[in-house]
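Reading the structure
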Amino acid sequence: MKITKVETFLLHVPVTRSGIHDSMHQVTHWGAPGARIETDTGLQGYGYTGTHAHLPTDRLITSCIADTYSPLLIGQEIPQGDELWKKLYHFPPAQWVGRSGITHLALSAVDIALWDLKAKTAGLPLWKLLGGDKNKRIEAYNTDGGWLNWSIEELKEFNRGMVENDGFHGVKMKVGSPDPSRDIERIEAVRNAIGPATRLMVDANGRWDLETGVRFGAKLKDYDVYWFEEPLWYDDIPAHAALSQRIATPIALGEQLYTLAEFRNFIDAHAVRFVQADAVRLAGITEWWRVANLALENHLPVVPHIGDMMQVHLHLAIAHRSTTVLEYIPWLRDCFTEPATVKDGYFLIPQSAGAGTTLRPEALSKYGA
């Protein structure tokens, strides 16, 4: 099976209630720059990454796919191993200008499309191709009701409904307000709304310094917070290590880490307890699997970062032993032929061949940018 064509696509999909805020970002749409790879057998593979739907930078990603990686792919056979991934990952001109960032996001879309093709060729869902168990249960936690631009009453109503009506066993909310006492008030309100049996996670999106993180983090045990996500600036390993020693609540992070080496450095420093590897920030499924293996070797759970990239991460969560819990955000649901779906607090097991990334034709006409 040889690659005959590589096309790019770009989706901009509205987010919940037309706009969401966390401590660092304000987003109205979610971007999905991607690649569609055709073969001489007629099969097509789809892969994509996730962005803030900023058109100029999204076009840098699709341009990297079309102009840098596509010429390296045309005419190549789809390998069983990672030979083609290594060729793209170590392509000297691309590696020279960036071992993470734009080139990694572009490579992630390509790698996911290649894995989608491998699974479709085998006639299997990707989770099954990777050795997953159809009886494994992946618990869902909902992140789409904890935004900083929501009032306390909106937080209480939405999260209570997620637990009582939709069966979610966990919810995550944003923190990182200019006045941390406001965040404590919001945490208390949500904890009271969802009850003591539901997992509650908080996410500061890298907003605070170490001392603020220590003062705020010391209070989280009073509300049985399951983890404290991205409390400090993304690259500050020593500060995260110090914080993990000074508060009781475990630290989660990883959505801003782009390479296996970065994860290794955090893990070696004991600066992370929940590893939030993201296949569309790393160089695709191939590098995600290596990070998940590293976490497993260090007895750390992997809880993939989603944004709204549930499709491929659901397959990976089923397949890899390190993962039992997965984030839920539904922004891109109607873009896919078999969207990731939660019932009674658990993800349904995908049945279609591939990585779950096949787009509905109307997705491009409706959301194409």
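Rules behind the numbers
- Each chain carries its own residue numbering, running from 1 in the direction its sequence is written.
- Local features in a predicted model are, by the rule used here, given only for residues with pLDDT of at least 70; side-chain atom pairs are given and counted only at 80 or more, and totals for whole chains, interfaces and linings are based on all residues.
- Neither water nor hydrogens contribute to the side-chain values; these are computed over all heavy atoms in the structure.
- For this analysis, a nonpolar core means a set of buried residues of the types Ala, Val, Leu, Ile, Met, Phe, Trp, Tyr and Cys, connected via side-chain atoms within 4.5 Å.
- Partly exposed residues are those whose accessible area sits between 20% and 50% of the maximum for their type, while under 20% is buried and over 50% is exposed, using a 1.4 Å probe and protein chains only.
- Going along the chain from the N terminus, every DSSP run of H or I of four or more residues is numbered as a helix, and every run of E of two or more is numbered as a strand.
- Side-chain rings of Phe, Tyr and Trp (the six-membered ring for Trp) are treated as a pair once their centres are within 6.5 Å; stacked means planes under 30 degrees apart, edge-to-face means over 60, and tilted covers the remaining angles.
- For a lysine, the NZ atom is tested; for an arginine, the CZ atom; a charge sits over a ring if that atom is within 6 Å of the ring centre and within 35 degrees of the ring normal.
- Two strands qualify as a pair provided DSSP detects at least 2 bridges between them.
- Fitting a line to C-alpha atoms yields each axis, with helices limited to the stretch in contact; the angle taken between N-to-C directions then spans 0 to 180 degrees.
- Between two residues, a contact is recorded if the distance between any of their heavy atoms is within 4.5 Å.
- Taken from the helix axis, the directions to the C-beta atoms give the arc we talk about.
- One side-chain nitrogen of Lys or Arg within 4 Å of one carboxyl oxygen of Asp or Glu is enough to make a salt bridge.

1. Focus: the nonpolar core
With 92 residues, the main nonpolar core has I187, F228, C335 and F347 as its most contacted residues. No other element matches the 7 residues that helix 12 (residues 310–319) contributes to this core. Counting 25 residues, the second-largest nonpolar core is a separate cluster that includes C64, Y69, A106 and A109.

2. With respect to the packing of aromatic side chains
Under the criterion given, the structure shown has 17 aromatic pairs. Measuring from centroid to centroid gives 6.3 Å for Y328 and F347, while their planes differ by 55°, and the two rings are tilted. Of this pair, Y328 sits in strand 12 (residues 325–328) while F347 sits in strand 14 (residues 346–347), placing them 19 residues apart in sequence. For Y328, a relative accessible area of 12% translates into the label buried. The class of F347 is buried, set by a relative accessible area of 5%. A cation sits over an aromatic face here: R17 above W150, 3.9 Å from the ring centre.

3. Some thoughts on the sheet that holds strand 5 (residues 44–48)
Here 3 strands make up an open sheet; going across it, the order is 1-4-5 and the pairing antiparallel. The sheet is open, and its two edges are formed by strand 1 (3–14) and strand 5, each paired on a single side. The sheet shows a mean angle of 20° between the axes of neighbouring strands, direction not considered. As defined by bridge partners, strand 4 (residues 29–39) adjoins strand 5 across 5 bridges and the pair is classed as antiparallel. If you follow A35 over to strand 5, its bridge partner there is G47. Strand contacts of helix 1 (residues 55–73): strand 1 and strand 4, with the helix running at about 170° to strand 1, the strand carrying the most contacts.

4. Observations regarding helix 10 (residues 260–268)
Three or more residues of helix 10 are buried, namely L260, F263, F266 and I267. For helix 10, the arc enclosing every buried residue in end-on projection is 125°, short of the 170-degree limit, so these residues lie on one face. Where helix 10 is buried, its residues touch helix 9 (237–246), strand 10 (251–253), strand 11 (274–275) and helix 11 (284–297).

5. Digging into helix 8 (residues 210–217)
Among the residues of helix 8, T212, G213, V214, F216 and G217 are the ones counted as buried. Lining the buried residues of helix 8 we find helix 7 (180–194), strand 9 (225–229) and helix 9.

6. A word on the side chain of N142
Relative to the helices and strands, N142 resides in strand 6 (residues 139–142). Given the relative accessible area of 2%, N142 is considered buried. Excluding residues within four positions of it along the chain, N142 makes contact with F158, M162, F168, G170, V171, K172 and Y328.

7. Some thoughts on the side chain of T49
You can see T49 is positioned in the loop between strand 5 and helix 1. Other than its neighbours up to four places away in sequence, T49 contacts G31, A32, P33, I61, L105, S108, A109 and V280.

8. Looking at the pairing of strand 4
With 10 of 11 residues buried, strand 4 lies mostly within the body of the structure. Judged from the 11 bridges that link them, strand 1 and strand 4 form a sheet pairing that is antiparallel. Among the inter-strand pairings, H12 is bridged to a residue of strand 4, identified as G31. Between strand 4 and strand 5, which pair antiparallel in sequence order, lie 4 residues; one of them, G42, sits at a positive phi of approximately 95°.

9. Concerning the pattern of salt bridges
Here the structure, examined in full by the defined rule, presents 15 salt bridges. The residue K86 makes a salt bridge to D82 at a minimum N-O spacing of 3.7 Å. Judged by its relative accessible area of 42%, K86 is partly exposed. The exposure class of D82 is partly exposed, given its relative accessible area of 24%. Within the structure, one salt-bridge network assembled from shared partners comprises K172, K174, D203, E229 and E327.

10. Some points on the pairing of strand 6
Burial along strand 6 is two-sided: the face carrying E139 and Y141 and the face carrying A140 and N142 are both buried. In this sheet, strand 12 lies alongside strand 6 in parallel orientation, the contact comprising 4 bridges. Across the sheet, residue E139 finds its bridge partner in strand 12, namely V325. Examined bridge by bridge, strand 6 and strand 7 (residues 170–174) share 2 bridges and lie parallel to one another. Bridged to N142 within strand 7 is V171.

11. Some thoughts on unusual backbone geometry
Even without a glycine there, the phi angle at N205 is positive, about 50°. Among the secondary structure elements, N205 is positioned in the loop between strand 8 (199–203) and helix 8. Note on N205: relative accessible area 2%, which makes it buried. One non-glycine residue, H270, lies in the positive phi region at around 55°. You can see H270 is positioned in the loop between helix 10 and strand 11.

Keep in mind that these numbers describe shape and distance, not what the molecule does.
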